[in-house]
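Chain residues, written in single-letter form:
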Amino acid sequence: MSKTSISVIIWNEFQHERQNPAVQAIYPDGLHMAIADALRQTPGLNPGALPLEISTATLDQAEHGLTQDRLDACDVLIWWGHKAHAQVDDAIVDRVQKRVLEGMGLIVLHSGHFSKIFRRMLGTNCSLKWREADEKERLWVVEPSHPIAAGLGEYFELPYEEMYGERFDIPQPDSIVFISWFEGGEVFRSGCCWERGHGRIFYFRPGHEAYPTYYDANVQRVLANAVQWAAPRVNLVDHCPNSPALEPISQKAVSFSKVGIAQGKGDIG
């Protein structure tokens with residue numbers, strides 16, 4: 001799959017920033033715009049890193065800004081949600097899931113752990129412990145050779161963050177890039193990777209709306225690296241064809257009934 005750039009959509013429910021003056025003061029144009037600006041200024045560090053074509057989408061747009069045409073052209077979808085998970089239309093979740101299975105990358109941030117799409121892709125509750133106490137978070141890089149960790153030191157710190165604690169109800173990640181330690185004592189698997197179908201998924205924990213986390217250079221580095229890592233390697237539409245034999249099949253002494261497949265037409269290519 002040869003491409004000269006990576007198409008990125010940053011999706012944000014865009015609720016806190018318009019309803020909470022304190023959050024608006026930190027992210028006046030929305031979390032999505034802060035992330036977009038950071039990605040425009042932060043190149044990927046891994047060999048072969050491609051330039052990004054960045055756009056945004058929000059909950060209140062028609063089809064949540066995620067029309068079929070936009071998703072078909074999208075290579076990596078970044079998702080931030082918190083207070084409006086239930087307002088996301090299930091038809092859009094279906095649409096995003098299908099694109100991930102075809103090869104589109106999905107990066108889920110912070111409170112997006114409870115989003116419909118993340119829980120759908122992982123098949124678990126994705127629940128955890130939490131606390132808002134303005135505490136320090138230290139993110140340890142436990143897989144320094146992973147492409148998402150390129151350019152980072154042994155660890156980095158955020159002076160203020162919301163605590164997320166174990167147990168994090170997720171299936172065993174294919175790899176864990178970061179583990180967080182919090183000032184109050186908890187630890188958390190804060191940078192997790194999975195493959196689903198032909199697509200890659202990365203969950204990154206930091207990003208509480210009340211703190212300027214997305215202005216941190218290390219956080220911006222992680223996101224830039226993650227986009228490059230999650231970009232599609234293939235784009236294969238799933239189908240379930242009735243396949244002819246490649247070689248002759250010998251006649252058998254017993255012939256069994258042929259019942260076919262009991263799926264709907266939409267499941268059969």
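Just so it is clear, the model here is predicted, and its values are computed rather than measured. (Residues numbered from 1 in each chain as written. Predicted model: local features only at pLDDT ≥ 70, side-chain atom pairs only at ≥ 80, totals over all residues. Heavy atoms only, no water.)

Asker: Now, about the sheet that holds strand 7 (residues 175-182): what can you tell me, with residues and values included?
Answerer: Read from one edge of the open sheet, nine strands run 2-1-3-4-9-8-7-5-6, paired in mixed fashion. Here the strands that pair on one side only, and so sit at the sheet edges, are strand 2 (52-58) and strand 6 (155-165). Neighbour-to-neighbour, the strand axes of the sheet open up by a mean angle of 25°, direction not taken into account. Where strand 7 meets strand 8 (residues 187-196), six bridges bridge the pair, whose relative direction is antiparallel. If you follow S180 over to strand 8, its bridge partner there is F188. Running at roughly 115° to strand 9 (residues 199-204), helix 5 (residues 90-102) makes contact with strand 3 (76-80), strand 4 (105-109), strand 8 and strand 9 of the sheet. (Pairing = 2+ DSSP bridges. Helix = DSSP H or I, 4+ residues; strand = E, 2+ residues; numbered from the N terminus. Axes fitted to C-alpha atoms, helices over the stretch in contact; angles between N-to-C directions. Contact = heavy atoms within 4.5 Å.)

Asker: Can you tell me about the nonpolar core, naming the residues and giving the values?
Answerer: In this structure, F178, F202 and F204 are the most contacted members of the largest nonpolar core, which totals 37 residues. When residues of this core are assigned to their parent elements, the largest contribution, eight residues, is made by helix 7 (residues 217-230). Excluding its chain neighbours within four sequence positions, the residues that come into contact with F204 are V108, L109, H110, L139, F156, F178, S190, V219, V222 and L223. Grouped together as the second largest cluster of nonpolar side chains are 34 residues, A57, L66, L71 and V96 included. (Core = buried A, V, L, I, M, F, W, Y, C linked by side-chain atoms within 4.5 Å. Buried < 20%, exposed > 50% of the residue type's maximum accessible area, 1.4 Å probe, protein only.)

Asker: So what's going on with the state of the cysteines? Residues and values would help.
Answerer: Every disulfide links exactly two cysteines, by a covalent bond between their sulfur atoms. Per the stated rule, a full pass over the model turns up zero disulfides. Lacking any disulfide linkage, C74 is separated from the closest cysteine sulfur, that of C193, by 18 Å. You can call C74 buried: its relative accessible area is 1%. No disulfide involves C192; its nearest neighbouring cysteine sulfur is the one of C193, lying 7.4 Å away. C192 sits in the buried class, given a relative accessible area of 0%. (Disulfide = S-S within 2.5 Å.)

Asker: Explain helix 3 (residues 31-41) to me, and be specific about the residues and the numbers.
Answerer: Of all the positions in helix 3, only L31, H32, A34, I35, A36, A38 and L39 are classed as buried. Buried residues in helix 3 make contact with strand 1 (6-12), helix 1 (16-19), strand 2, strand 3, strand 4 and helix 7.

Asker: Provide a residue-level description of the pattern of salt bridges, including the pertinent values.
Answerer: By the definition in use, this model includes 17 salt bridges. Across the pair D90 and K116 runs a salt bridge whose closest N-O atoms are separated by 2.8 Å. Separated by 26 residues along the polypeptide, D90 in helix 5 and K116 in helix 6 (residues 116-122) bring together distant segments of the chain. Through salt bridges that share partners, K98, R99 and E102 make up one connected network. (Salt bridge = Lys/Arg side-chain N within 4 Å of Asp/Glu carboxyl O.)

Asker: I'd like a description of the environment of K129, backed by residues and values.
Answerer: Here K129 shows up in strand 5 (residues 129-141). Given a relative accessible area of 42%, K129 falls into the partly exposed group. It is 49 Å that separates the C-alpha atoms of K129 and V259, two residues lying 130 residues apart in sequence. Ignoring anything within four residues of it in the chain, the contact list for K129 reads M163, Y164, G165, E166 and E186.

Asker: Help me get a handle on the pairing of strand 7, residues and values and all.
Answerer: Counting buried residues along strand 7, six of its eight residues qualify, which places the element largely inside the surrounding structure. The sheet contact formed by strand 5 and strand 7 spans five bridges and is antiparallel. Its bridge partner lying in strand 7, E137 is registered against F182. Connecting the antiparallel pair strand 7 and strand 8 is a turn made up of four residues, with G185 showing a positive phi of about 115°.

Asker: Please provide a residue-by-residue account of the packing of aromatic side chains, values included.
Answerer: Under the criterion given, the structure shown has twelve aromatic pairs. Ring geometry for W11 against W79: centres 4.0 Å apart, planes inclined by 15°, an arrangement best described as stacked. Of this pair, W11 sits in strand 1 while W79 is found in strand 3, placing the two residues 68 residues apart along the sequence. According to the relative accessible area criterion, W11 is buried, its value standing at 1%. Judged by its relative accessible area of 3%, W79 is buried. Arranged with centres 5.8 Å apart and planes meeting at 70°, the rings of Y164 and F188 form a pair that is edge-to-face. In this pair, Y164 sits in strand 6 while F188 sits in strand 8, placing the two residues 24 residues apart along the sequence. Residue Y164 is classed as buried on the basis of its relative accessible area of 3%. Above the ring of Y155, the side-chain terminus of R138 is found at 5.6 Å from the ring centroid. Sitting over the ring of Y164, R205 keeps its end group 4.9 Å from the ring centre. (Phe/Tyr/Trp six-rings, centres within 6.5 Å; stacked < 30°, edge-to-face > 60°. Lys NZ or Arg CZ within 6 Å of the ring centre and 35° of its normal.)

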